[in-house]
Amino acid sequence: MLATLIQNSSLLDPTTDASHILVILPKLEKLPKKYTIPGEDTLKKLLERRRLRLSKISETPVSANLENGAFCSWVMIDTNKQIFEQQTAVRKAIQQLLTENPEEIHLAVYGNNNQKHHFSEVAVYTAWVNGAALPVRKQKPERSSLTHIHLYGHKDAGNFTLQRALAEGNLLARGLTILPPNELTPRTYCEQIKKLAKNEGWTYQEHALNELRQMGAGAFVAVAQGSDPEEAAIVHLHYTGSKEKPHKHISLVGKGICFDTGGHNLKPPRYMQGMHEDMNGSAVALGILLAATRADLSLEIDCWLAIAQNNIGPHAYKQNDVITTLNGLTIEIVHTDAEGRLVLADTLTLAEKQKPDIIIDFATLTGSMHTALGSRYCGIFSNQENLAQKAIAAGKKSGERICVFPMDSDYDESLESKIADIKQCELGGEFDHILAARFLNRFVNDVPWIHMDLSASSHKDGLGAVGSDVTGFGVSWAIELLKEFNTSS
């Protein structure tokens, strides 16, 4: 539940009863005389003591207690910097306030009208996305959610509908991802999705494992058959969108491995820790669908979620097995811990059959992508150059940065098999992120497609606007991309 936003077009009155205040200014070398900011004298003394220039708070926000007992944080937004850097500065300032677990915060924006509009959008989104407490299972949680956010200096006629939708989508993705694996099993996950679909007016369809066997989805079944009970499923959600405007047909696909042991190629403890987050791709796809719905985007969206676990057991698939996918391709299994591309293969086939205008899939797929980029960027692949360029632009505008990787056809030499149409992967994983993309490309045919390998799904102490380790990366990026895609020819 997001905090209630209360907007005030007037500047913050110094006599207002406010316990936690965030002051947001344009980048300046000295404070203008045309307005008085809260705690101005305190800020000047603080900067003098630390021997800091005023403009330095565009990089490093500062905070202090005011004489009236309020706790105040000051930050400047440098509009010459990328959105990611602007979001980071505001998030750090808000986090200084949230350390005291307040019920309310007061945001005071200054500058010209364009600046105040932009600053308000960044600040309100960042306050919403960090102000809601994520689920924990402690008897005494360390923090609670904000109840109210007061904004001074700007009033948005649309009530920040898009920022609210983005925050709700991001929080859904993060909230699902951090749930413990004994709580979020494939069955309970499907139940949660079904309730969400009913609430949002989405059509819900569930392809259970027995049905998928009969359909010939051998790649998905190979991974899922190692679990007992057999509760894996491919879930299909449909959002109609507004029919009053021209709109395009979008397919979102998400990897939803609720826990990944590695199968017979069992992960060591160090790498199995955190594998309940291997369903993050499906959570991001759900978050995007929720954000698009709440923002009332004029898009028709199908969302396909491959929900299963990768377990070890007598029925689990093995190295050197040969399986047949839903589109008839045969695959030689090389490594049972490369299960994500298998569950995505059949799920992408289902999505491709509907011939959407674009397919975007999300998955915590390869360790090699994390090796290549770390956890500050996500890597993408696309079968269309112009789509890749739009994806880069969306990353810059949203603050969720992406890097495009090559997937030239000569990489397929590494996936040649003597006994099947294609190998699942190589045993050496140096460029496995590229091979995984080349593998998945076999299942989308000519439909415009983007594959996102979620190397930034988790980053210590947060990333951009988001302050938790689990970032929900992909929701804001996708909404920005889809807005652009929907208006292009």
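Here the residue numbers are simple positions, counted from 1 along each chain's written sequence. This being a predicted model, a pLDDT of at least 70 is required before a residue's local features are given, and a value of 80 or more before pairs of side-chain atoms are given or counted; all residues contribute to the totals for chains, interfaces and linings. The side-chain figures draw on all heavy atoms in the structure; neither hydrogens nor water molecules are used.

Chemist: Please explain the overall build of the protein chain as it appears in this structure.
Modeler: Comment: elements are numbered from the N terminus, with helices defined as DSSP H or I runs of at least four residues and strands as E runs of at least two. When helices and strands are tallied, the protein chain shows 14 helices and 17 strands. Put simply, the radius of gyration uses C-alpha atoms, and a globule should come to 2.2 Å times the residue count raised to 0.38. A globule of 489 residues ought to have a C-alpha radius of gyration of about 23 Å, and the protein chain, at 24 Å, matches this closely. For the C-alpha atoms alone, the extent of the protein chain along its principal axes is close to 75 × 50 × 45 Å. Only protein chains enter the area calculation, which uses a 1.4 Å probe; residues under 20% of their type maximum are buried, those over 50% are exposed, and those in between are partly exposed. Of all 489 residues assigned to the protein chain, the portion counted as buried reaches 61%. Sequence separation of at least 24 residues holds for 77% of the intrachain contacts in the protein chain that already meet a minimum separation of 6. Here the open area of atoms and residues is found with the Shrake-Rupley method and a 1.4 Å probe, where only the protein chains shown may cover a residue. Of the roughly 20600 Å² of accessible surface on the protein chain, 47% is carried by carbon and sulfur atoms. Here the protein chain contributes 49 positively and 57 negatively charged side chains, and the mean placements of these two sets differ by 7 Å. When checking whether two residues touch, look at their non-hydrogen atoms; a contact exists if any pair is within 4.5 Å. Within this scheme the basic residues Lys and Arg register as positive and the acidic residues Asp and Glu register as negative, but His and the chain ends are omitted. Note on charges: their place is set at NZ of Lys, CZ of Arg, CG of Asp or CD of Glu.

Chemist: In this structure, what is going on with the pairing of strand 9 (residues 249-260)? I would like to understand it.
Modeler: A regular strand places its side chains so that they alternate between the two faces of the sheet. Among the 12 residues that make up strand 9, 12 are buried, leaving the element largely enclosed by the rest of the structure. Pairing between strands requires that DSSP locate at least two bridges from one strand to the other. Pairing analysis gives 10 bridges linking strand 9 to strand 10 (residues 300-310), with the strands arranged parallel. From the neighbouring strand, Lys 255 faces strand 10, where its bridge partner is Ala 306. Examined bridge by bridge, strand 9 and strand 13 (residues 358-363) share five bridges and lie parallel to one another. Of the residues in strand 13, the one forming a bridge with Gly 254 is Phe 362.

Chemist: Sorry if this is basic, but what is going on with the nonpolar core here?
Modeler: One broad rule of soluble globular proteins: the nonpolar side chains tend to lie buried together. To qualify as a nonpolar core, a set must consist of buried Ala, Val, Leu, Ile, Met, Phe, Trp, Tyr and Cys residues joined through side-chain atoms within 4.5 Å. If you look at the biggest cluster of nonpolar residues, it comprises 95 residues, and the most contacted ones within it are Tyr 189, Leu 237, Leu 286, Phe 362 and Trp 477. Not counting residues up to four positions away in its chain, the partners in contact with Leu 237 are Ile 193, Ala 197, Trp 202, Thr 203, Tyr 204, Leu 286, Leu 289, Ile 301, Asp 302, Cys 303 and Leu 305. Ranked by size, the runner-up nonpolar core spans 48 residues in total, among them Ala 308, Ile 323, Leu 329 and Ala 351.

Chemist: Would you take a moment to explain the environment of Thr 203 for this structure?
Modeler: You can see Thr 203 is positioned in strand 7 (residues 203-208). The spatial distance from the C-alpha of Thr 203 to the C-alpha of Glu 59 is 46 Å, given a sequence separation of 144 residues. Beyond its immediate sequence surroundings of up to four residues, Thr 203 is in contact with His 236, Leu 237 and His 238.

Chemist: I keep staring at the packing of helix 9 (residues 280-294) against helix 14 (residues 475-487) and nothing clicks. Help me out?
Modeler: The axes of two packed helices give the description: the angle between them and the distance between them. Here an axis means a line fitted to C-alpha atoms, over the contact stretch when the element is a helix, while the angle between two N-to-C directions is reported on a 0 to 180 degree scale. Between helix 9 and helix 14, the least distance of the axes is 9 Å, while the angle of their chain directions is 50°. Classified by the angle their axes make, helix 9 and helix 14 are oblique. Crossing handedness for the pair helix 9 and helix 14: right-handed. The residues of helix 14 that touch helix 9, namely those facing Val 284, Gly 287, Ile 288, Ala 291 and Ala 292, are Val 475, Ala 478, Ile 479 and Leu 482. Looking at the contact of helix 9 with helix 14 residue by residue, the class counts come to eight nonpolar, one polar and no charged. The labels follow the angle: roughly parallel below 35 degrees, roughly antiparallel above 145, roughly perpendicular from 65 to 115, and oblique for the rest. By definition, any crossing whose near helix is turned counterclockwise from its far helix by less than a right angle is left-handed, and any crossing with a clockwise turn is right-handed. Note on residue classes: Ala, Val, Leu, Ile, Met, Phe, Trp, Tyr, Cys and Pro are nonpolar, Asp, Glu, Lys and Arg are charged, and everything else, Gly too, is polar.

Chemist: Please clarify how the environment of Gly 374 should be interpreted in this entry.
Modeler: Secondary-structure assignment places Gly 374 in the loop between helix 11 (367-373) and strand 14 (378-382). Note: C-alpha distance between Gly 374 and Thr 471 (97 residues apart in sequence) is 14 Å. Setting aside anything within four residues of it in sequence, one finds Gly 374 in contact with Met 369 and Ser 455.

Chemist: Sorry, what's going on with the sheet that holds strand 6 (residues 148-152) here?
Modeler: Whether parallel or antiparallel, the strands of a sheet pair through hydrogen bonds between backbone atoms. Taken in spatial order, the six strands line up as 1-6-5-2-4-3 in an open sheet, and their pairing is mixed. Every interior strand has two partners, whereas the edge strands, strand 1 (4-8) and strand 3 (62-65), have only one. Averaged over all neighbouring strand pairs, the angle between strand axes comes to 20°, with direction disregarded. Here seven bridges tie strand 2 (residues 20-26) to strand 4 (residues 71-77), and the two strands are oriented parallel to one another. Paired with Ile 21 across the bridge in strand 4 is Cys 72. Sheet contacts for helix 1 (residues 40-50): strand 3 and strand 4; angle to strand 3, the most-contacted strand, approximately 120°. Packing against the sheet, helix 2 (residues 83-98) makes contact with strand 2, strand 3, strand 4 and strand 5 (104-109), and its axis sits at approximately 175° to strand 4.

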